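Chain by chain, the residues run as shown.
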Amino acid sequence: MLIGFGVPVSGSWATPGNVVRVARRAEALGYHALWTFQRLLSPVDAGWGEMYRSVLDPTVTLAFLAGVTERVRLGTAVVNLPFVSPVVLAKQFATLDVVCAGRLDVGLGLAWADEEFTATGTPKDRRGRRAEEYLDVLKALWTRDVVEHAGEFYRVPRMRAEPKPVQRPHPPILLGGAAPAALRRAGRIADGWISGSAADLRPIREGVRVVRAAAEEAGRDPSGLRFVCRGAVRFRPADGAPRRPLAGTPEQIRADIEDLAALGITELFIDLNFDPSIGSPDADPAESMRRAEEALEAFAPGRPLGSGPEQGVVE
């Protein structure tokens, strides 16, 4: 399994210096990819969770990191495609793939927050059909010399779109979503699936199965698909109490990661942004970085179980 790391994008630790510090250390330790996510708004009562109260833009953050890294891949998990025209997104991501020299992974979602649909002036109905046409336009803009499209939801006059992405035919497109239709869509038309950050990881096996089956039904080889999981890790002491997956000591969490590999996950990224004691505007940024540095060392690719900080309890 390939291991990545979520850079600081949520809460008080999401500063330019910390973003660079985490990215460079992750690259030095051999992590496969760095990941960001999108949240445009948050409720006044913070009802969506601490990690959504203050979030850096994912694409701007990756453009910033493109200039301070050399090898590690850069990914979004996810950008919500309904909120921006496919022409605009194609230009942004093609440019990002150019400035990072072909290291971009494009994770896209269909969005869920009614308030963000309202604020962006975007209809929420028929999201699935819109998404499929959206991806057709996106791929056309990235691969064709001349583009012309007249569909149900989007229109592009006969034009050129340059520059093209560095990766050919285009950067990998990974789709999020947990509904059966979303899983089948990922299998039929995407390069892989990004699982959500829910505490219960048991449905992942079924998600992988549905995506692979849909790929086979579409005449595609499922062995070439990527299955990416956000590892919403929380370090906790080994006190014998019941725990959720990816919460506990580093040794317990690494065992959970091995279990996910057995379920068909091919990539996982450690994401501390979803720990409310780290990804909150009220968290102590120095303490958050201390814990991040411990996590970077504990889960570094190639490190055998038990070789990280034995006192992995950081709370």
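Just so we're clear, the structure is a prediction, and the values are computed from it rather than from any experiment. (Residues numbered from 1 in each chain as written. Predicted model: local features only at pLDDT ≥ 70, side-chain atom pairs only at ≥ 80, totals over all residues. Heavy atoms only, no water.)

Novice: Got a minute to help me understand the pairing of strand E9 (residues 192-195) in this structure?
Specialist: On any regular strand, side chains alternate: one points to one face of the sheet, the next to the other face. Where burial is concerned, the two faces of E9 agree: the one with Gly192 and Ile194 and the one with Trp193 and Ser195 are both buried. Here strand E8 (residues 173-175) runs beside E9; their pairing, made up of 2 bridges, is parallel. Residue pairing for E9: Leu175 is matched across the bridge by Trp193. Each parallel crossover has a hand, and the one from E8 via helix H6 (residues 180-189) to E9 is right-handed. (Buried < 20%, exposed > 50% of the residue type's maximum accessible area, 1.4 Å probe, protein only. Helix = DSSP H or I, 4+ residues; strand = E, 2+ residues; numbered from the N terminus. Pairing = 2+ DSSP bridges. Right-handed = clockwise from strand over helix to strand, strands pointing away.)

Novice: Can you walk me through helix H7 (residues 204-217) in this structure?
Specialist: For H7, built from 14 residues, the straight-helix expectation of 20 Å at 1.5 Å per residue is met to within 8% by its first-to-last C-alpha distance of 20 Å. Those residues of H7 that sit buried are Ile204, Gly207, Val208, Val210, Val211, Ala214 and Ala215. The arc enclosing the buried residues of H7, seen along the axis, measures out at 165°, which places them on a common side. Seen from the buried face of H7, the exposed residues on the opposite side, beyond 90 degrees, are Arg205, Glu216 and Glu217. Tucked into the core, H7 has its buried residues touching H6, E9, strand E10 (226-231) and helix H8 (250-262). Downstream of H7 by a residue or two, Gly219 has a phi angle that is positive, lying close to 80°. (Expected span 1.5 Å × (residues − 1). Arc of directions from axis to C-beta. Contact = heavy atoms within 4.5 Å.)

Novice: Whenever I open this one, the nonpolar core confuses me. Can you help?
Specialist: For soluble globular proteins, nonpolar side chains are generally found buried alongside one another. Phe5, Leu108 and Phe299 are the most contacted members of the largest nonpolar core, which has 83 residues in total. Residue contributions to this core peak at 8 residues, all from helix H5 (residues 127-143). Those residues in contact with Phe299 that lie beyond four places of it in its chain are Ile3, Tyr31, Val233, Phe235, Pro250, Ile253, Arg254, Ile257 and Ile270. Counting residues in hydrophobic clusters, the runner-up holds 8 residues, among them Ala77, Val78, Leu174 and Ile194. (Core = buried A, V, L, I, M, F, W, Y, C linked by side-chain atoms within 4.5 Å.)

Novice: Which parts of the structure should I look at to understand the environment of Trp112?
Specialist: Note on placement: Trp112 falls in the loop between strand E5 (104-109) and helix H4 (114-120). The residues contacting Trp112, other than those within four sequence positions of it, are Arg39, Trp48, Tyr52, Phe117, Lys124 and Arg127.

Novice: For this particular structure, what's the right way to read the packing of aromatic side chains?
Specialist: The description of two aromatic rings rests on the distance between their centres and on the angle between their planes. On inspection of all chains with the given rule, the structure shows 10 aromatic pairs. Centre to centre, the rings of Phe5 and Tyr31 are 5.6 Å apart; their planes meet at 80°, and the pair counts as edge-to-face. Residue Phe5 is found in strand E1 (residues 2-6), and its partner Tyr31 is found in the loop between helix H1 (16-29) and strand E2 (33-36); the two are separated by 26 residues along the sequence. Judged by relative accessible area, which is 0%, Tyr31 ranks as buried. (Phe/Tyr/Trp six-rings, centres within 6.5 Å; stacked < 30°, edge-to-face > 60°.)

Don't take any of this as a statement about function, it's just geometry.
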